[in-house]
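# Fold and geometry: a report
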Amino acid sequence: MSGFFVAKNGQEIETQSLDTHQRTVSDAPLSPNERLAELRFCQETGRLSDWQRPVAETMRHAGLGDGYTVAEWAEIAWYGPLDFWLHPGSRVSDMFIDGPDRTLVVVEDGNRTDTGIRIGDEWLRWTQRQLLLRAGFVTPDHPDDWRSDDGRVVHALYGTADRRLRFAVTRPPYTPDGATVAVRALPARWRTIDDLAQQEAGVLPREAAELLLEAIRRGVTLLIAGGAGSGKTTLTAALLQAIAAEKRVILIEDARELPLPPDGVAVEVLRSRSSFAGCVRLALRQRPDLIVLGEVRGSEALAMLEAAATGHPGICTIHAPDALTALRNLERFATLEGLASPGIVRGLMTSGAVPLIALHIGHYGGRRRVGQVIEVIVTSGSQAGDILPHNILFAFNPATNRLERKYPVQSAWGKGRL
């Protein structure tokens, strides 16, 4: 059988190999890359497009027999109904399936779109299994055995598959109405400082970027604040790439996302069977120049402050609506488990032993950008509960629609120079 037809992307595809593909699948074993090419060919040509049928029926309809074994699927970097939006050059950043027989929703260039494509329960659970197999959370022998880092059976997991898909999956009873999938596609190329600064009134003006990089060089711990999806990880990656050649870096994340520097080690907390705080303390044995923490949300805040006080500064992200609240949250998290008193934590943050800069990235002037950069001022007598003494280095000016320099650095690392 041969000829041409139009695929979903409008491209004409020759069909001369359809019978050949069927014979190849049935008569000879394929390598994982050949299977991947076969599946994508079938998807592009519309033979794999009905995600409401049972999986085996869908595969037979596409001329692929009954599909593959679980062990074979584990070797194939293909994600069924999601795969069409994962091609190189795709601008889709997020994909959501909120339950069986619900439609697939994608986010492209910040805009949510309901694709109208319904995902049946079998394909939804298959997609979950594929993400977990490719992330190493389950094995082909026990693909439905979801367990937490302490060995407990769970019904919700999150991680990163193939170092490019950050996902969260749930199943009943965690979500009683059925299984769900949420996926964030990590960039094939992380944006650089030049990328963030190049546009008019860009995400991070070059003057601010240079100050932040010099601060990192001089041992300042940087706290990057913002809401979900605000660009905290993107900004962290840009700063990391700019400084990576100068520093030995230890990355500590729930699941691997950030680009690994030439001289660095990546730690995945979810696989380590340790805590964030434990991973930070172990990192001190690896002689880091810089510790990068994926997100501060608990007692690891104290571990980060203690590490910085011993000459091991860091970059960390935190959820907060502004830079000053980010510092307050850091202080609060550091006292959560009672390992240090509020007075000791406040002393660390204001004594000069831990120079700190906090910045906030969010929507300013109708677009995403850094809108605040502040430093903690060294002072004596500051009490826990008081507003942290701080100095505004940069602030967004609505009148000019720009992030503008406010005051010079007051801390010892930059006073008189920046």
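These lines cover the structure that appears in this document, whether it is placed above or below. (Residues numbered from 1 in each chain as written. Predicted model: local features only at pLDDT ≥ 70, side-chain atom pairs only at ≥ 80, totals over all residues. Heavy atoms only, no water.)

## Description of the sheet that holds strand E15 (residues 367-376)
So the rule is basically this: For two strands to be treated as a pair, DSSP must find no fewer than two bridges joining them. Secondary structure elements follow DSSP: runs of H or I no shorter than four residues count as helices, runs of E no shorter than two count as strands, and numbering proceeds from the N terminus. Under this scheme, a helix contributes an axis fitted over its contacting stretch, all axes are lines through C-alpha atoms, and angles between N-to-C directions fall in the 0 to 180 degree range.
If you trace the nine strands from one edge of the open sheet to the other, you get E11-E10-E12-E13-E9-E14-E15-E16-E17, paired in mixed fashion. Taken across any chain shown, the strands that pair with only one partner, and hence form the sheet edges, are strand E11 (264-268) and strand E17 (402-405). Averaged over all adjacent pairs, the angle separating strand axes in this sheet is 20°, with direction ignored. Summarising the sheet, strand E10 (residues 249-253) and strand E12 (residues 290-293) pair through four bridges and their orientation is parallel. Note that in E12 the partner of Val249 across the bridge is Leu290.

## So, the sheet that holds strand E4 (residues 102-108)
On the basis of which strands lie adjacent, the open sheet formed by six strands has the order E5-E4-E3-E8-E7-E6 and antiparallel pairing. If you trace the sheet from one side to the other, it starts and ends with strand E5 (111-119) and strand E6 (156-161), each paired once. The average undirected angle you get between the axes of adjacent strands in this sheet is 15°. Of the pairings in the sheet, the one linking E6 to strand E7 (residues 165-170) comprises six bridges and is antiparallel in character. Note that in E7 the partner of Gly159 across the bridge is Phe167.

## Concerning the nonpolar core
Which entries qualify depends on this criterion: As used here, the term nonpolar core means buried Ala, Val, Leu, Ile, Met, Phe, Trp, Tyr and Cys residues forming a set that is joined through side-chain atoms within 4.5 Å. Any residue under 20% of the maximum accessible area for its type is buried, any over 50% is exposed, and the rest in between are partly exposed; the area is computed with a 1.4 Å probe on protein chains only. Only heavy atoms enter the contact rule, under which two residues are in contact if any of them lie within 4.5 Å.
Counting residues in hydrophobic clusters, the biggest one holds 45 residues, and the most contacted among them are Leu39, Leu48, Met59, Trp78, Met95 and Leu131. Among the secondary structure elements, those contributing two or more residues to this core are helix H2 (32-44), helix H3 (55-61), strand E3 (92-97), E4, helix H5 (121-135), E6, E7 and strand E8 (180-185). Every residue in contact with Leu39, bar those within four places of it in the chain, is listed here: Leu48, Met59, Leu64, Tyr68, Trp73, Ile76 and Trp78. Within the second largest apolar cluster, 41 residues are counted, among which are Val269, Ala320, Ala334 and Val376.

## Observations concerning the packing of helix H11 (residues 300-309) against helix H13 (residues 342-350)
To be explicit about the condition: Should an angle fall under 35 degrees it is called roughly parallel, over 145 degrees roughly antiparallel, and 65 to 115 degrees roughly perpendicular, with every other angle called oblique. Crossings are classed by handedness, with left-handed meaning an anticlockwise turn of the near helix from the far one by less than a right angle and right-handed meaning a clockwise turn.
Close contact between H11 and H13 brings their axes to 10 Å; oriented N to C, the two are set at 45°. With respect to H13, the element H11 is oriented oblique. Like other packed secondary-structure pairs, H11 and H13 cross with a definite hand, here left-handed. Listed contacts from H13 to Leu302, Leu305 and Ala309 of H11 are Val345, Leu348 and Met349.

Any functional reading would require information that these geometric values do not contain.
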